[in-house]
Amino acid sequence: MACLPPRLVLASTAPVLVLLLFVPLSPCRAASGSSPSAVLLPVDKDGATQQYVTMFWQRTPSVPVKAVVDLAGAMLWVDCESGYESSSYARVPCGSKPCRLAKSAACATGCSGAASPGCLNDTCTGFPEYTITRVSTGCNIITDKLSLYTTCRPMPGPRATAPGFLFTCGATSLTKGLGAAATGMMSLSRARFALPTQLASIFRFSRKFALCLAPAESSGVVVFCDAPYEFQPVMDLSKSLIYTPLLVNPVTTTGVSTAGDKSTEYLIGVTGIKVNGRAVPLNATLLAIAKSGVGGTKLSMLSPYTVLETSIHKAVTDAFAAETAMIPRVPAVAPFKLCYDGTMVGSTRAGPAVPTVELVLQSKAVSWVVFGANSMVATKDGALCFGVVDGGVAPETSVVIGGHMMEDNLLEFDLEGSRLGFTSYLPLLQTTCNSFHLG
């Protein structure tokens, strides 16, 4: 049964009980009835789409579900039209508290077929969005069991289960373009029903998570916990984090929103850019977030590479070209503008031997230093390209830090402290995202 187009009706006041209970399956707990020390999502890069895909378990009986991981979005959405079978799902009634918290004014009322997750009446309507294309549909908001791995040193433990995890059904058509057989999108945003806030409520964690993306040949992880972040060889990288404030865009950039909504994406205050330690002259006003919501710098897992507003892109690529004038150039390979003969570029522990790029943050003493492994992209024909893309003259966001620049960097998103922690390139510390284990 296809998702129904939303209809605005007088909201019902029927109550709903959203179960946020922990089923104690994990030996990680310190005492009877306590929460696990952590839950995690494995994350693998899909080479065909450059998207980051995770797997979790859902429904009764439990089945594995793959979803593309997104730092934006309102909540998890999953295709409910193709083979969604479960005895444990429940609708979220129109006008109920969860429906109001989801800020939905739409209600499904016109489905005459057999009851199913995609065909329910008096059910709160959500608007799952494929955030790459901004395509959205109106579908039911429901709850069902969701299970994630818990972790104990040194091996993953059993799964912990939330019996009433709230999410939105999505249409099968919305999954077109998702990588690695994914049937939905997992939101890690600031939103009320995105994964970080729901898990914090369920398992009594702080509202924070650590993200460590890995290149396509290895595996990364998203960890929700209050525990140290330990990597092999044994080291606690939580002590190596440098922090910068997370900013809030006063204007949402989602496809479906209501007046006054703020963005739930993650933005940081980049104030300047350096190449090889030298400041790049650019229009600094573009780095600030205007009252209209335009400008600033955000992090995006759906953008494969870092995207810069046209004038910033020209200034940075010109500066990089000047600092690498001794390396032979080759014709540009789309979508990049600056490419080199890969055989003529040296190699270091931090990747290709090229100048660093620094994102200057709240002060000149605080920078996110980007080394060659995160700034350069190898192409199939042997070229090595400066991995930044021209985003046009009037993009919504002036700087979008893409997935490639975040790989093998540990990032902590602290929603309660409204700050981002980062370590820079992990192989310089003789570890990688693939070497994570919980301490």
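Residues numbered from 1 in each chain as written. Predicted model: local features only at pLDDT ≥ 70, side-chain atom pairs only at ≥ 80, totals over all residues. Heavy atoms only, no water.

- Going by the annotation in an unreviewed UniProt entry, the name recorded for the protein chain is Peptidase A1 domain-containing protein, with Oryza glumipatula given as the source organism.
- Per UniProt, the comment on the protein chain under Sequence similarities (unreviewed entry) is "Belongs to the peptidase A1 family." (UniProt positions renumbered as here; feature names shortened; annotations may be inferred.)

## Topic: the pairing of strand S14 (residues 219-225)
Stage number 1. Counting buried residues in S14 gives six out of seven residues, a clear majority hidden from the surface.
Stage number 2. One ladder, built from seven bridges, connects strand S1 (residues 38-45) with S14; its direction is antiparallel. Counted as the bridge partner of Leu41 is Val222 from S14.
Stage number 3. Pairing of strand S13 (residues 208-212) with S14 involves three bridges; the strand directions are antiparallel. The residue of S14 that forms the bridge with Ala210 is Val223.
Stage number 4. Connecting S13 to the next strand, S14, in antiparallel fashion are six residues. (Buried < 20%, exposed > 50% of the residue type's maximum accessible area, 1.4 Å probe, protein only. Helix = DSSP H or I, 4+ residues; strand = E, 2+ residues; numbered from the N terminus. Pairing = 2+ DSSP bridges.)

## Here's the deal with the side chain of Ser424
Stage number 1. Relative to the assigned elements, Ser424 resides in strand S34 (residues 419-425).
Stage number 2. Ser424 gets classed as buried once you look at its relative accessible area, which sits at 12%.
Stage number 3. Among all residues touching Ser424, those that are not within four sequence positions of it are Val369, Phe371, Asp408, Asn409 and Leu410. (Contact = heavy atoms within 4.5 Å.)

## Here we look at the environment of Pro61
Stage number 1. Relative to the assigned elements, Pro61 resides in the loop between strand S2 (52-58) and strand S3 (63-70).
Stage number 2. Residues Pro61 and Ser87, spaced 26 residues apart in sequence, show a C-alpha to C-alpha distance of 7.5 Å.

## Section: the packing of aromatic side chains
Aromatic ring pairs: the centre-centre distance and the angle between the two ring planes describe each pair.
Stage number 1. In total, this model carries 12 aromatic pairs according to the counting rule given.
Stage number 2. Pairing Phe209 with Phe224 gives two aromatic rings, centres 5.8 Å apart and planes at 40°, and the pair type is tilted. Pair noted here: Phe209 is in strand S13 and Phe224 is in strand S14, with a separation of 15 residues, a long-range link.
Stage number 3. On the basis of an interplanar angle of 10° and a centroid distance of 4.8 Å, the ring pair of Phe209 and Phe413 is categorised as stacked. (Phe/Tyr/Trp six-rings, centres within 6.5 Å; stacked < 30°, edge-to-face > 60°.)

## Observations regarding the state of the cysteines
Stage number 1. All chains considered together, the criterion is met by six disulfides.
Stage number 2. Covalently, Cys111 is tied to Cys119 through a disulfide, its sulfur atoms 1.5 Å apart. Taking the torsion about the S-S bond as the criterion, the Cys111 to Cys119 disulfide, at about -100°, is left-handed. With respect to burial, Cys111 and Cys119 carry one shared label: buried. (Disulfide = S-S within 2.5 Å.)

## Considerations on the sheet that holds strand S27 (residues 357-360)
Stage number 1. One open sheet holds the four strands; their spatial order is S20-S19-S27-S28, and the pairing between them is antiparallel. Across the chains shown, the open sheet's two edge strands, defined by having one partner strand only, are strand S20 (278-279) and strand S28 (367-370).
Stage number 2. Contacting strand S19 (272-275), S20 and S27, helix H3 (residues 310-323) runs over the sheet at an angle of about 20° to S19. (Axes fitted to C-alpha atoms, helices over the stretch in contact; angles between N-to-C directions.)

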